[in-house]
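Residues per chain, in single letters:
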Amino acid sequence: MEQQHLLRSIPKVDELLSEASGVAWEALSPAAVRDGVRGALDALREGILSGALSALPGREAILEDALARAGAAELPSLRRVINGTGVVLHTNLGRSCLSARASAAVAEVARHYSTLEYDVESGSRGSRHDHIDGLLASVTGAEAAMVVNNNAAAVLLILSAMGRGGEVVASRGELVEIGGSFRIPDIMTQCGCALREVGATNKTHLFDYENAIGPETRALLRVHTSNFRIVGFCERPGLAELVELGRKHGLPVIEDLGSGSLVDLAAFGIHDEPTVQQSVRAGVDVISFSGDKLLGGPQAGLILGKKQYIEKLKKHPLARALRVDKMTIAALRETLWAYRDGERAREQVPVLAMLGAPEDALRARAEKLRLALAEAGAQAQTVPAEGQVGGGSCPTQLVRSWAVAVDPGALTVDALAEKLRRFPLPIIGRISQGQYLLDVRTLLEEDVDDICRAVKEAVS
Ligand SMILES: *Cc1c(COP(=O)(O)O)cnc(C)c1O
């Protein structure tokens, strides 16, 4: 009886809608407002039916709940977050951040018509490949280049065009799974080529490749073990030796470089990561790597190599299915353009700026954040931290960094982490040894005010 009475006294949707007015409500779209109001009323109904609610909350409280729900409904599920994890290429957080110039270029072509496939000189049709291919070849020293949607697509295209109907030889130690069920052996099957595995997990010799070459062989494949390392009793032939073997038998050598850095990261204390130019110089026939890993550009698959093979790839039917859009081209052009001058790339490309930030600068940044937090009334201390490159790149390298450890006050560190994560602009930190850390390596200048505001609200 009581329950029936309560259910009947739940306000009607239209009633509540008519009361939902004021600045906060006006900022929301009508659809979000409706969703918010419906959500709040549904929650009341459920609460009553389950027995959790024995009295209706006041009108104010219901409206407040509806407003919160409407605000949440308005938020896109894909939105900006603040990365305090110290993992520079965080795959779950969107890998690389574009430079200011690259993101401005994206906005420009997104909002307007563009020369995507139009040649203003002749006033006739142009090619979308022309915006990137020459620049990419000149920056890397390759004969020719092309771009597809991501590196997985690049590998798919290369193996389909060059291996179909035959065998591709690859080392057992390089049969990588890169995540999301993308495994080299499976992708070979998908591309219609037979994998000819050679060597052992830890050791593959040049003669292993040579012994496997036969009339069905179409190519030799090298895969950069970007997301894991085999250490200890291990060996594989040098790239130049493999290329020489390929030449001897008239077979192309293909390399999936994975992360693909254009600068030598040894300068940043990151060893063990080959550069793209090294592979080009070694004479590898076709090389592919990601646009949004160490290059620091948009999601893309960059393909470089000998002209005869790149031409073949461009003509393959899959190339059309895997082509990139104008926004990717715009972002990639600006990113690659910065690389024409190494110094400029280090300043402008966020991935490089983050990886190359010197320890004392990071320490100073942490101190600045600590002071800003103190001013906002939140306690924190600066602590040394260890970050990661991430994105399945340089897996054994920890990069020394600095962080602020935020005092959770009356909260537990887990509760603090959850509160900060659930803000409209989510803040993602890291819990280490019982402390809530925000690693400053991956924070952007503009994040500081938002962090202070959120932390203050969370701990108060
Ligand atoms: C990351 C990676 C890929 C996939 O690249 P995406 O750009 O994410 O598609 C392929 N191969 C290797 C070795 C990788 O490290």
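For the structure itself, look to the data block above.
Residues numbered from 1 in each chain as written. Predicted model: local features only at pLDDT ≥ 70, side-chain atom pairs only at ≥ 80, totals over all residues. Heavy atoms only, no water.

Examining the nonpolar core
Buried together is how nonpolar side chains tend to be arranged in soluble globular proteins.
Argument step 1. Judged by nonpolar contacts, the single largest core of 53 residues is most densely connected at L304 and Y339.
Argument step 2. If near-sequence neighbours (up to four positions away) are discounted, Y339 is found in contact with V139, L262, V263, L294, L295, A345, V349 and L352.
Argument step 3. A144, I184, V223 and A319 belong to the second largest nonpolar core, which has 31 residues in total. (Core = buried A, V, L, I, M, F, W, Y, C linked by side-chain atoms within 4.5 Å. Buried < 20%, exposed > 50% of the residue type's maximum accessible area, 1.4 Å probe, protein only. Contact = heavy atoms within 4.5 Å.)

Here we look at the packing of helix α4 (residues 30-50) against helix α5 (residues 59-74)
Argument step 1. At a closest axis distance of 7 Å, the pairing of α4 and α5 adopts a crossing angle of 130°. In terms of axis orientation, α4 runs oblique to α5. The handedness of the crossing between α4 and α5 is right-handed. Mapping the contact onto sequence places A32, V33, D35, G36, V37, G39, A40, L41, A43 and L44 in α4 and I62, D65, A66, R69, A70, A73 and E74 in α5.
Argument step 2. Of the residues assigned to the contact of α4 with α5, the class counts are 11 nonpolar, 2 polar and 4 charged. (Axes fitted to C-alpha atoms, helices over the stretch in contact; angles between N-to-C directions. Helix = DSSP H or I, 4+ residues; strand = E, 2+ residues; numbered from the N terminus. Parallel < 35°, antiparallel > 145°, perpendicular 65-115°, else oblique. Left-handed = near helix turned anticlockwise from the far one by under 90°. Nonpolar A, V, L, I, M, F, W, Y, C, P; charged D, E, K, R; others polar.)

A closer look at empty space enclosed by the protein
Argument step 1. Overall, the coordinates contain 2 cavities of 30 Å³ or more when judged by the stated rule.
Argument step 2. Quantified by volume, the largest cavity comes out at close to 70 Å³.
Argument step 3. Forming the boundary of the largest cavity are R128, H129, I132, D133, V147, R323, V324, I329 and L332.
Argument step 4. For the lining of the largest cavity, a count of residues per class yields 5 nonpolar, 1 polar and 3 charged.
Argument step 5. Considering only enclosed or pocket space, the second largest cavity measures out at about 30 Å³ in volume.
Argument step 6. Looking at the second largest cavity, the residues that line it are V155, I158, L159, L221, I254, E255, D256 and S288.
Argument step 7. Those elements that place two or more of their residues in the lining of the second largest cavity are α8 (151-163) and β9 (253-258). (1 Å grid on protein atoms, 1.4 Å probe; cavity = no way out; pocket = protein on both sides within 12 Å on 5 of 7 lines; lining within 4 Å. Points joined across faces, edges and corners; volume = space filled by probe spheres on them.)

Looking at the pairing of β9
Argument step 1. With 6 of 6 residues buried, β9 lies mostly within the body of the structure.
Argument step 2. Pairing geometry for strand β8 (residues 217-223) and β9, over 4 bridges, is parallel. Note that in β9 the partner of L220 across the bridge is V253.
Argument step 3. As for the winding sense of the linkage, the β-α-β connection from β8 through helix α11 (residues 239-248) to β9 is right-handed.
Argument step 4. Where β9 meets strand β10 (residues 286-290), 4 bridges bridge the pair, whose relative direction is parallel. (Pairing = 2+ DSSP bridges. Right-handed = clockwise from strand over helix to strand, strands pointing away.)

So, the side chain of D285
Argument step 1. Along the chain, D285 falls in the loop between α12 (276-282) and β10.
Argument step 2. Overall, D285 belongs to the buried group, its relative accessible area being 4%.
Argument step 3. A polar side-chain atom of D285 sits 2.8 Å from the main-chain amide nitrogen of V253.
Argument step 4. Look past the residues within four positions of D285 in its chain and what remains in contact with it is R247, L251, P252, V253, L304, G305, K306 and Y309. (Polar contact = N/O pair within 3.5 Å; in protein donor to acceptor, adjacent residues only side chain to side chain.)

Here we look at the pairing of strand β6 (residues 167-171)
Argument step 1. Counting buried residues in β6 gives 4 out of 5 residues, a clear majority hidden from the surface.
Argument step 2. For β6 and strand β7 (residues 194-198), the ladder comprises 5 bridges, and the chain directions are parallel. Directly across from S171, in β7, lies its bridge partner V198.
Argument step 3. Running through helix α9 (residues 184-190), the crossover from β6 to the neighbouring parallel element β7 is right-handed.

With respect to unusual backbone geometry
Argument step 1. With a phi close to 50°, R95 is a non-glycine residue in the positive phi region.
Argument step 2. Within the element layout of this structure, R95 appears in the loop between β2 (87-89) and α6 (100-111).
Argument step 3. Given the relative accessible area of 22%, R95 is considered partly exposed.
Argument step 4. Despite not being glycine, D272 has its phi angle at roughly 80°, a positive value.
Argument step 5. Here D272 shows up in the loop between β9 and α12.

A closer look at the sheet that holds strand β13 (residues 393-406)
Argument step 1. Pairing within the open sheet is mixed, and its 5 strands lie in the order β2-β12-β13-β16-β15. The outermost strands of the open sheet, each flanked by one partner alone, are β2 and β15 (430-432). If you compare each strand with its neighbour and ignore which way they point, the axes differ by 45° on average.
Argument step 2. Sheet topology note: the strand β12 (residues 380-390)/β13 ladder contains 10 bridges and is antiparallel. Bridging from a neighbouring strand, Q381 pairs with A405 of β13.

Digging into helix α7 (residues 133-140)
Argument step 1. Across the 8 residues of α7, 6 count as buried, placing the element largely inside the fold.
Argument step 2. For α7, the complete set of buried residues consists of D133, L135, L136, A137, V139 and T140.
Argument step 3. Looking at the packing, one finds that the buried side of α7 touches β5 (144-148), α12, β11 (301-305), α13 (307-315) and α15 (326-338).
Argument step 4. Once α7 ends, the next one or two residues include G141, with phi positive near 85°.

So, to be careful, I would describe these as geometric facts and stop short of saying anything about function.
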